Amino acid sequence: MILAGLLDAERPSIFNTASPEAEKIGAVGNGFLIAATAMFLLVAFLTVYICVRYRAKVGSPEPKQTSGNRKVEMTMVGVPLLMIIFFFFWSMKTMSAVLPPRPAHAVPDIIITGHQYWWQADYPAGKFSTANEIHLPVGRKLLVELRGADVIHDWWVPALGEKMDMIPGTSNYLWMTITKPGTYLGSCSEFCGEQHAWMRITVIAQQPEAYQRWLAGQAAAGQLPADTMAARGAALFMHASCSSCHSVRGTTAIGTNGPDLTHFAGRQTMLTGMLKVSNENIYRWLLDPQKVKPGAHMPRFIFPRDSLLALTAYLSSLK
Amino acid sequence: MSELEHIRIPEPEKPLPGLSITGDQGLIQWLSSVDHKQIGIMYLWLAVLFLLVGGIEILLVRVQLAVPNNHFLNPETFDQLFTMHGTTMIFFVLAPAIFGFSTYFVPLMIGANDMAFPRLNAFSFWCTFFGGFLLYFSFVAGGAPDAGWFNYAPLNQYKYSSSPGIDYYCSGLLLAGIGTVAASVNFIVTILKLRTEGMGLKRMPLFVWMILINSFLVLAAFPALNAALVMLLLDRELHAHFFNPTGGGSALLWQHLFWLFGHPEVYILILPVFGIFSEVFPVFSRKPVFGYGFVVGSGIAIALLAFGVWVHHMFATGLGNTVNNFFAASSLLIGVPTGVKIFNWLATMYGGNIRFSVAMLFAIAFLVEFTIGGLSGVSFAIVPIDWQLTDTYYVVAHLHYVFIGGSLFGLISGTFYWFPKMSGRMLDEKVGRWFFWLFVIGFNLTFLVQHALGAMGMPRRVYTYPDLPGWGLLNLISSSGGLLMGIAVCLLVYMLFTSRKTGKEAGNDPWDANTLEWTTTSPPQLKNFNTVIPVKSTRPFRDFKRPDDTDWAREGGNDE
């Protein structure tokens, strides 16, 4: 089961690589695993052998009092030294390949910003911003810019190999070439506060055509409410406090503290990978956010039931 | 000085009461003691107390993590518990236990009757003691610190952690840190000035050597921590902006300062333990340590290199390839003197007559466990591997293999080895074996699987996790192992309490040992030595017991 968990292609694991960067990183990892296993087996064997062979027996005399041996000591230092030199150069070579210099004024393909406790994704090409589910094209070397909005967060998708902190006040960069379409799971890896656990990462890698379609769809403004219930919800959204933190493009909601909701219902999960998007989950969240995700920055608004239903209808119409 | 004469310091007049508090002057004698043996014992009890507290904290955490999507603890409590667990175990269990053994045994091993500055010694202990309780006072003052033991900025700022916990973290660690620095000054002077006649630096027991090296490490490392803590207090209390990026400060500055202290701290917690093992292996193998000069030299090499490796904690912060490569080289390099010592101890056992006392069992288990922790440590020096695995459960596994499989195994080994000297009684070797197996099996169950969890993408410090395949099972195994360790620790504490009254009488030299502390009574009198036997080699007591087979005669009789 553990082995299956490590090797199953659909699961997050450092052994299921989906980018040349991750493959290079994985090769060093596997090489080291072999060297380390050999070293460990040597120590384990020597320990057991010496313990069995030299255990004290009744009446055995005091052993020979040897206190050193220059040759043995030289070997003890020499062999590990050669090994670390080898791994040092492998590490250096890998990092030059994985993190080549960035051309001056290069425009990133995507800017991902870590917030307590969600991801903001800005697409300079499409001039829009979305949240949490991050779509990327396969087969192209992407320049990813990483930022932190409040505290330090950390970008890590095991299949893509590279981990990088998102630090407030500075930008970090990664090069990323995804080879296979698919959904890749990851998580925030720097402790960032109460809901660090539910800062899951979902990367959806698509073929270039599908990605272009997605970009065009996302760049469009939010849909107008479909029925009266949703229309009531939309009105509430704009006039209650929702719009001061959230954006729905094409409306008066332009807040930036919380995730962009323009195409909220087009996502599979909500609350940064915590729950599936469904009317029931949206309602539960709006009813009492602190009960669903304690520590998240969404306050509890005490709405009557019909207002909650209207808001739920509006949000689930934002396809 | 004349004023001092009016103050009656109730120092003991009769033989010291071993580990019991019933002396001729009762508890007050302990509270006011400036005797290195009593202070050492108080350090050790303090470590036992905090071991229980830190253990309970982490058992609660492991219950929460036993199954996916658990609601046993809320995230707020969870964060406080794992933060306090780490801080407690590092600063108030491992550190005081190491300082306890050092305070007790350094003077005895060099043939001195006390530390160079007995009152400073007491001051050091009480700083540590009150530092620990100040940290714990946060629980009743409005909430414990909740940003992890390394307490990264800007999460440690008032804006993100508004309970007073982190203020208590700063003040508690500052107070304890003052004690640690004072104790280190005391060790350096004691070791350099109070050695008995004939004990040149090259004849010092390796434990004493390691404490000497360690004390210099402390003196150089703690200022970085203390400065960072003061800066953080200024940030939080007076709205300074050292670590606050929105006010022009730098979040990374905290990491540089913290790890400039923090990585040497790792060696501060392991070098003395290397010293303990360098006493235990020779005694129970009936041979001198293999490569005495090498062990000392590599200890010094570690101490020097320790200040050039901190950035391997920060490979994923975007410092760039040049900086990362430099620190990868230094971090790989420090692995050599650390790892090679394993072979020194193996070679010490090779050709010996190995007696499997509980102290020796822990030493042997250490060889295997510490190799795992050491190798996973080397993997963090390799930047690409670090990029995958840093801040995952793989790190949690790694650091526990080093802190438990390394430091704690050494301290337990030291406990079984030296308990007879401190109390005059033996720890039960039979129950000790039960404890050994329970603890070792529990330990490996808990942490071995965490390597896999990290590789499967589980980040550290999450209060719960989604039900991804394998995660639930591995976490359940880990939690059950933790429970086993908890039971084992209770057994150890029970043994410590009962054996000090009812254990078998130890005599002065139960292990047929080599060093000076075994030449005096168990427990030693208030004055450790009336006369000290001549020291002509690193094993003076063995020379004394076997005048026909002395080290100094074998080495060519060079009696400088």
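Just so we're clear, the structure is a prediction, and the values are computed from it rather than from any experiment.

(A) Local environment of the overall build of chain B. Counting its secondary structure elements, chain B contains 18 helices and zero strands. The C-alpha atoms of chain B give 23 Å as radius of gyration, which agrees with the globular expectation for 560 residues (24 Å, within 12%). In terms of its C-alpha atoms, chain B occupies a principal-axis envelope of roughly 70 × 60 × 45 Å. Taking all 560 residues of chain B together, the buried fraction comes to 62%. A separation of at least 24 residues holds for 79% of the contacts in chain B among residues at least 6 apart in sequence.

(B) Fine view of the sheet that holds strand S5 (residues 141-148) of chain A. All names here are of chain A. Strands sit in the order S3-S2-S1-S5-S8 across an open sheet of five strands; the sheet is mixed. One side of each edge strand has no neighbouring strand; the edge strands of this open sheet are strand S3 (128-131) and strand S8 (171-177). The sheet shows a mean angle of 25 degrees between the axes of neighbouring strands, taken without regard to direction. Across four bridges, the pairing between strand S2 (residues 118-123) and S3 is antiparallel. Of the residues in S3, the one forming a bridge with Ala-121 is Thr-130.

(C) View of the interface of chain A and chain B. Facing 80 residues of chain A, the contacting portion of chain B comprises 77 residues. Listing elements by their share of the side of chain A that touches chain B, those giving two or more residues are helix H1 (2-7), helix H2 (20-53), helix H3 (70-98), strand S7 (163-166) and strand S9 (182-187) of chain A. No other element matches H3 of chain A, which puts 15 residues into the side of chain A that touches chain B. For the side of chain A that touches chain B, the class distribution of residues is 44 nonpolar, 23 polar and 13 charged.

(D) Main features of the sheet that holds strand S4 (residues 133-137) of chain A. Residues and elements named next belong to chain A. Reading across from one edge, S4-S10-S9 is the order of the three strands in this open sheet, with mixed pairing throughout. Of all strands in the sheet, those bounded by a partner on one side alone are S4 and S9. Shown here is a sheet whose adjacent strand axes are inclined to one another by a mean of 25 degrees, direction ignored. Strand direction decides the pairing type here: S4 and strand S10 (residues 200-206), joined by five bridges, are parallel. Directly across from His-135, in S10, lies its bridge partner Ile-204. Contacting S4 and S10, helix H4 (residues 208-219) crosses the sheet at an angle of about 135 degrees to S4.

(E) Up close: the packing of helix H4 (residues 75-109) of chain B against helix H7 (residues 206-238) of chain B. Residues and elements named next belong to chain B. Contact pair H4 / H7: the axes reach a minimum separation of 10 Å and the direction vectors enclose 120 degrees. Considering the angle they form, H4 stands oblique to H7. As for how H4 packs across H7, the hand of that crossing is left-handed. Facing Ser-102, Phe-105, Val-106 and Met-109 of H4, the residues of H7 in contact are Phe-207, Val-208 and Ile-211.

(F) Layout of helix H9 (residues 271-285) of chain B. All names here are of chain B. Between its first and last C-alpha atoms H9 spans 21 Å; for 15 residues at 1.5 Å apiece the expected length is 21 Å, and the two agree. The buried count for H9 comes to 15 of 15 residues, which makes it a mostly enclosed element. Directly after H9, the chain includes Arg-286, whose backbone phi takes a positive value near 60 degrees.

(G) Main features of the pairing of S2 of chain A. All names here are of chain A. Counting buried positions over the six residues of S2 gives five, a clear majority of the element. Of the strand pairs in this sheet, strand S1 (residues 110-115) and S2 are connected by five bridges, and their pairing is antiparallel. Paired with Ile-111 across the strands is Asp-122, a residue of S2. Counting the residues that bridge the hairpin from S1 to S2 gives two residues. Counting the residues that bridge the hairpin from S2 to S3 gives four residues, and of these Lys-127 lies at a positive phi of roughly 55 degrees.

Analysis parameters
- All residue numbers refer to position in the chain's written sequence, counted from 1.
- All chains are assigned letters beginning with A, and all ligands numbers beginning with 1, in the order in which they are written.
- Per-residue local features of the predicted model are confined to residues with pLDDT of at least 70, and side-chain atom pairs are confined, for both listing and counting, to 80 or more; whole-chain, interface and lining totals are unaffected and use all residues.
- Where helices and strands are cited, they refer to DSSP runs of H or I of at least four residues and of E of at least two residues respectively, numbered from the N terminus.
- Values of the radius of gyration come from C-alpha atoms, whereas the globule rule sets the reference at 2.2 Å times the count of residues to the power 0.38.
- Every C-beta atom is placed from the backbone, and the number of other C-beta atoms within 10 Å of a residue's own sets its class: buried at 20 or more, exposed at 12 or fewer, partly exposed in between.
- By definition, residue pairs are in contact when their C-beta atoms, positioned from the backbone, come within 7 Å.
- Strand pairing follows a simple DSSP-based rule, namely that at least 2 bridges must link the two strands.
- Fitted lines through C-alpha atoms serve as axes, helices being fitted only where they are in contact, and the angles separating the N-to-C directions of these axes extend from 0 to 180 degrees.
- Three categories are distinguished: nonpolar for Ala, Val, Leu, Ile, Met, Phe, Trp, Tyr, Cys and Pro, charged for Asp, Glu, Lys and Arg, and polar for the others, with Gly belonging to the last.
- Any angle that falls under 35 degrees is termed roughly parallel, while one over 145 is termed roughly antiparallel, one within 65 to 115 roughly perpendicular, and all others oblique.
- By convention, the crossing between two helices is left-handed when the near helix turns anticlockwise from the far helix through less than a right angle, and right-handed when the turn is clockwise.
- Any helix carries an expected span of 1.5 Å times its number of residues minus one.

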